[in-house]
Amino acid sequence: MLIEAGHFALALALGLSLVQFAVPLWGARANDPVLMNVGSPVALAVLACVAFSFAALTFAYATSDFSVVNVVENSHSAKPFIYKLTGVWGNHEGSMLLWILILTLFGGVVAVSKNSVPTRLRANTLAVQACVTIAFLVFILMTSNPFTRVSPAPFEGRDLNPILQDPGLAIHPPLLYVGYVGFSITFAFAVAALLDGRIDAVWARAVRPWTLAAWCFLTLGIAMGSYWAYYELGWGGWWFWDPVENASLMPWLAGTALVHSTVVMEKREALKVWTILLAILAFSLSLLGTFLVRSGVLTSVHSFAVDPARGVFILAILIFFIGGSLTLFAIRAPVLRQGGIFAPVSREGALVLNNLFLSSACATVFVGTLYPLALEALTGAKISVGAPFFNFTFIPIAVPLLLLLPLGQSMAWKRGDLLGTAQRLYWVLGAAAAVGLILIAATVGGPVAAPLGAALGLFVILGAANEIVTRSWRPGQRLATAWLRARGLPRSIWGTALAHAGVGVTAIGIAATAWSVETIATVRLGERIAAGPYEARLDSVVPRTGPNYREEAARLTVLSGDNEIGAVETAKRVYVTRGTPTTEAGILTRGVSQVYVSFGDRQADGGVGLRLFYKPLVLLIWLGAAVMALGGAISLTDRRFRVGAPARAKAAPLAVPAE
Amino acid sequence: MSRKQRRLALIGTAVGVLGFALGLVLYAMRDSIVFFHAPADIQAKGVKPGTRFRLGGLVKEGSIQRGERQQIRFEVVDATSSIPVRYQGLLPDLFREGQGVVAEGVLEEAGIFNADTVLARHDEIYMPREVAEALKAQGHWQGEKGTKR
């Protein structure tokens, strides 16, 4: 009964979304505040319906209700409880329901947020948001109903794909979806502004928190997915330039550009048309990502089931939203009034350059991802564009971006002084170059790219620190005064510095992968293998039985010289229901470096095939992403985004402190 | 600087950066693109030794031979031909006889394919798409065996 109620709630949400779409839009046309204000309560009602529906499906999973087809296909009564819950989005139907839940959640937050969004803008935004919701609700109801029943109900389910039974999966898709779908809000704001033909700093200030929030979640989601692939797939790689990964990287690049261009719009009312275009593109790329992953065009871990009807449907949604919004953009963009002017050498100019590099990087990823699909559709030739292509095109674009980052960050608005800015960065450049040279000297014969990359990362980190220092300390001043000043800096300054430092940290982690060592060997009990400064000794191989799998686990002791520094365990598992084998990697963390062991094959002579990696500084890759997201979150708490918040007694100053 | 000069500087930079990106893409397209071939294509299309490509098909039953230091030899077959493959390293979890496989590497003079990467399907309903299509094209496809719905 609950299942049918969940299904009904989805249909009800569709009906309500139609109201949320039509009434505020009509109100904004007729300039009727009553009609415009209908949007907010209806958006909350839609959210309630979808949340109920999602809860109903979760309940079916929690209680292993095998009369629901979706549960039968993706769950098992012996599966650990936590994976019964995460199994809700470990399949096509459930993950689309999660997509819609997050979409309506954002709609609900826009509806209740008390910040100073003008009534008309809010009404139009909610209407556009409802339009996206309608499309996806129709999609799920027509082609991917998660509530289909089966009679008679099977006795047992078919279990979830084993590599998805992992804590990483519990967090990765929701984070990623919050990021993807968060860009639907900026998209809705952009389309609303185009409908209205008006866009100004108020618009930018209303949009910026959403962009930042979506960007933070997307950053975390991508990092989480990358770390999951690293430890769960057992290959030791952290990024494969797989089309599905690229599908999430493209909106991230466009979103990063958008985060920066909205700054220019907010402070200087420049780059209006470009910002609107980026907002449209960021969400279009999110939709494209959904299409690539969900349509079965690509085969990967992420494509759950291939059904041509779904692919065509999502393609139709894609064409409608991207085509529609770009057409609207083409018609309305010339109407938008041009904003503030600036010299090429200025903060604005630097941000334009940032946007150029980011969108070029995004374009190369786009070409590399879609070219094989296009070529196959046109000529039938099958090719694969792999890591060499992306490394060759992406890195030369990323390096100048990172080199210019500290410079642009400390440039003045409107008209900058290149020489003066560079002078403030001399010590940063000197320190980074010195460390780079020391590293090169210390690792003669090793890869040269690694020390250079590490020096570049350090340059970015020190550049970010320099930003805080020059803002709060002049030579000859007491440190206590400087500390007080630093604490008094707007949070957005701290957030920016942190996020940029995070970029540097990730760059160091990536550069250090060139120093990693891999050893593959067949090992018998008591034998040792070495990788880098560490050795691993095989102690025992034991068979075991888990709740829904059997495994053979190899225990190893990791040694540094003759000192035992820890034990790791790697296993080859077979999940009973599906008969699928997986490899569980054993990882020993030392500081931010890791020793990584994965189980290969059992050899006929009793030896065990093992793969041992030494991965120096590898954790920095994901820690850097976490620091970036933290920086974004701190920026988000900046007081200027709380202007008009009733809880604060002291009104925030209207003027933004000079930067 | 006048407004016009500013605009020109902006457009010039944009064209420069985009041109740089385009150049990189075009250059990389020449070298880093890998074609996919089924065993039957190799003779039919006259693939020359020394070219790097992806070979896809089924692992021939009874063809897997394991040697020292994790060397492995197996044959990749389709309906008409078979190509011997050499590989050293750990194999994916789902590498098995009679199953779909994609190997990336270089064809040597002796007609042996020297693979440096071996990919297998991710789970029991996954068959590398290229393999499925190549088999379908040759009329060797045995239905959507094991595919959901």
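A.B. asks: Before we move on, can you summarise the overall build of chain A with the specific residues and values?
C.D. replies: Tallying secondary structure elements over chain A gives 20 helices and 10 strands in all. On C-alpha atoms alone, chain A measures out to a radius of gyration of 27 Å, which is about the 26 Å that the 2.2 N^0.38 rule sets for 659 residues. Referenced to the eigenvectors of the C-alpha coordinate spread, the extents of chain A come out at roughly 80 × 75 × 60 Å.

A.B. asks: Explain the overall build of chain B to me, using residue names and the numbers behind them.
C.D. replies: On a plain count of helices and strands, chain B comes out with three helices and seven strands. Traced from its N-terminal end to its C-terminal end, chain B shows the element sequence α-β-α-β-β-β-β-β-β-α. Residue burial in chain B is summarised as follows: out of 149 residues, 32% are buried. Restricting to contacts in chain B with at least 6 residues of sequence separation, those with at least 24 account for 49%.

A.B. asks: Got a sec to walk through helix H13 (residues 347-379) of chain A? Specific residues and values, please.
C.D. replies: Residue and element names in this part refer to chain A. Taking 1.5 Å of rise per residue, the 33 residues of H13 would be expected to cover 48 Å, and the 46 Å separating its terminal C-alpha atoms lies within 8% of that figure. The sharpest bend along H13 measures roughly 40 degrees and falls at Leu370, with the proline Pro372 sitting one to four residues further on. Looking at the residues trailing H13, positive phi occurs at Gly380, about 85 degrees.

A.B. asks: So what's going on with the packing of H13 of chain A against helix H1 (residues 3-31) of chain B? Which residues, and what values?
C.D. replies: The N-to-C vectors of H13 of chain A and H1 of chain B enclose an angle of 25 degrees; their axes lie 10 Å apart at closest approach. On the basis of the axis angle, H13 of chain A is roughly parallel to H1 of chain B. Every pair of crossing elements has a handedness; the one defined by H13 of chain A and H1 of chain B is right-handed. Along its contact with H13 of chain A, which presents Val352, Leu353, Leu356, Phe357, Ser360, Ala363, Thr364 and Val367 of chain A, the element H1 of chain B presents Leu10, Thr13, Ala14, Val17, Leu18, Ala21, Leu24 and Val25 of chain B.

A.B. asks: Tell me about the pairing of strand S6 (residues 100-107) of chain B, and name the residues and values.
C.D. replies: Residue and element names in this part refer to chain B. Within S6, six of the eight residues are buried, leaving the element largely enclosed by the surrounding structure. Relative to S6, strand S2 (residues 52-59) runs antiparallel, the two sharing seven bridges. Bridge pairing links Arg52 to Val106 in S6.

A.B. asks: Outline the interface of chain B and chain A, listing residues and values.
C.D. replies: Taken together, the 35 residues of chain B in the interface contact 40 residues of chain A. For the side of chain B that touches chain A, the elements supplying multiple residues, two or more each, are H1, strand S1 (33-37) and helix H3 (129-137) of chain B. With 12 residues, H1 of chain B is the single largest residue contributor to the side of chain B that touches chain A. Taken together, the residues of the side of chain B that touches chain A break down into 19 nonpolar, five polar and 11 charged. Two elements, strand S1 (residues 383-385) of chain A and S1 of chain B, share three bridges in a ladder whose sense is antiparallel. In the strand pairing of S1 of chain B, Val385 of chain A is matched with Ile33 of chain B.

A.B. asks: Outline the sheet that holds strand S9 (residues 593-602) of chain A, supporting the account with residue identities and numerical values.
C.D. replies: Residues and elements named next belong to chain A. Spatially, S2-S10-S9-S8 is the arrangement adopted by the four strands of the open sheet, whose pairing is antiparallel. Across the chains shown, the open sheet's two edge strands, defined by having one partner strand only, are strand S2 (517-523) and strand S8 (586-590). Taking each pair of neighbouring strands and ignoring which way they run, the sheet shows an average axis angle of 15 degrees. Pairing analysis gives five bridges linking S8 to S9, with the strands arranged antiparallel. Within the sheet, the bridge partner assigned to Gly586 lies in S9 and is Val597.

A.B. asks: Please give an account of the sheet that holds strand S3 (residues 528-531) of chain A that cites residues and values.
C.D. replies: The strands making up a sheet associate through backbone hydrogen bonding, with each pair oriented either parallel or antiparallel. All names here are of chain A. Sheet architecture is open: five strands sit in the order S3-S4-S5-S6-S7, paired in antiparallel fashion. Looking at which strands have only one partner, the edges of the open sheet turn out to be S3 and strand S7 (580-584). Within this sheet the neighbouring strands show an average axis-to-axis angle of 25 degrees, counted without direction. Bridging between strand S4 (residues 534-545) and strand S5 (residues 549-560) involves 10 bridges; their strand directions are antiparallel. Note on S5: the bridge partner recorded for Glu535 is Leu559.

A.B. asks: Any chance you could break down the pairing of S3 of chain A for me, citing the residues and the numbers?
C.D. replies: Residue and element names in this part refer to chain A. Of the pairings in the sheet, the one linking S3 to S4 comprises four bridges and is antiparallel in character. Residue Ala531 lies in a different strand from S4, and its bridge partner there is Tyr534. Counting the residues between successive antiparallel strands, the hairpin from S3 to S4 contains two residues, one of them, Gly532, with a positive phi of roughly 60 degrees.

A.B. asks: Can you tell me about the nonpolar core, naming the residues and giving the values?
C.D. replies: Judged by nonpolar contacts, the single largest core of 182 residues is most densely connected at Ile100, Phe189 and Ala254 of chain A. Excluding residues within four positions of it along the chain, Ile100 of chain A makes contact with Val50, Thr133, Phe136, Leu137 and Ile140 of chain A. Among the nonpolar cores identified, the runner-up in size contains 22 residues, and Ile42, Val59, Ala115 and Val118 of chain B belong to it.

A.B. asks: Any chance you could break down unusual backbone geometry for me, citing the residues and the numbers?
C.D. replies: Residue and element names in this part refer to chain A. Residue Pro152 follows Ser151 across a cis peptide bond; omega there is -5 degrees. Residue placement: Pro152 occurs in the loop between helix H7 (119-143) and helix H8 (167-196). Despite not being glycine, Asp159 shows a phi value in the positive range, around 70 degrees. Structurally, Asp159 can be placed in the loop between H7 and H8. Positive phi, normally seen in glycine, also occurs at Lys414, with a value near 70 degrees. One can find Lys414 in the loop between helix H14 (387-409) and helix H15 (418-424). Take Lys414: there are 16 C-beta atoms within 10 Å of it, and that puts it in the partly exposed class.

A.B. asks: Got a sec to walk through the environment of Met36 of chain A? Specific residues and values, please.
C.D. replies: Residues and elements named next belong to chain A. Position of Met36 relative to the elements: it lies in helix H2 (residues 33-36). C-beta crowding within 10 Å serves as the criterion here: with 25 such atoms nearby, Met36 is assigned to the buried category. Once residues lying within four places of it in the same chain are set aside, the contact partners of Met36 are Pro24, Gly27, Ala28, Thr119, Arg120 and Ala123.

A.B. asks: Can you explain the confidence of the model for chain A? Please cite residues and give values.
C.D. replies: Residues and elements named next belong to chain A. Per-chain confidence: chain A averages 88 in pLDDT, with 95% of residues scoring 70 or above. This stretch, residues 300-305, has a pLDDT under 50; its non-local contacts, to residues over four places away or in other chains, come to 14 contacts. Low pLDDT, under 50, characterises residues 644-659; the predicted model gives this stretch 13 contacts beyond four residues in sequence or across chains.

Cut-offs used in this document
- Residues numbered from 1 in each chain as written.
- Chains lettered and ligands numbered in written order.
- Predicted model: local features only at pLDDT ≥ 70, side-chain atom pairs only at ≥ 80, totals over all residues.
- Helix = DSSP H or I, 4+ residues; strand = E, 2+ residues; numbered from the N terminus.
- Rg over C-alpha atoms; globule rule 2.2 N^0.38 Å.
- Buried ≥ 20, exposed ≤ 12 C-beta atoms within 10 Å, placed from the backbone.
- Contact = placed C-beta atoms within 7 Å.
- Expected span 1.5 Å × (residues − 1).
- Bend = angle between axes of the 7 residues up to and from the residue.
- Axes fitted to C-alpha atoms, helices over the stretch in contact; angles between N-to-C directions.
- Parallel < 35°, antiparallel > 145°, perpendicular 65-115°, else oblique.
- Left-handed = near helix turned anticlockwise from the far one by under 90°.
- Pairing = 2+ DSSP bridges.
- Nonpolar A, V, L, I, M, F, W, Y, C, P; charged D, E, K, R; others polar.
- Core = buried A, V, L, I, M, F, W, Y, C linked by C-beta atoms within 7 Å.
- pLDDT = per-residue confidence, 0-100.

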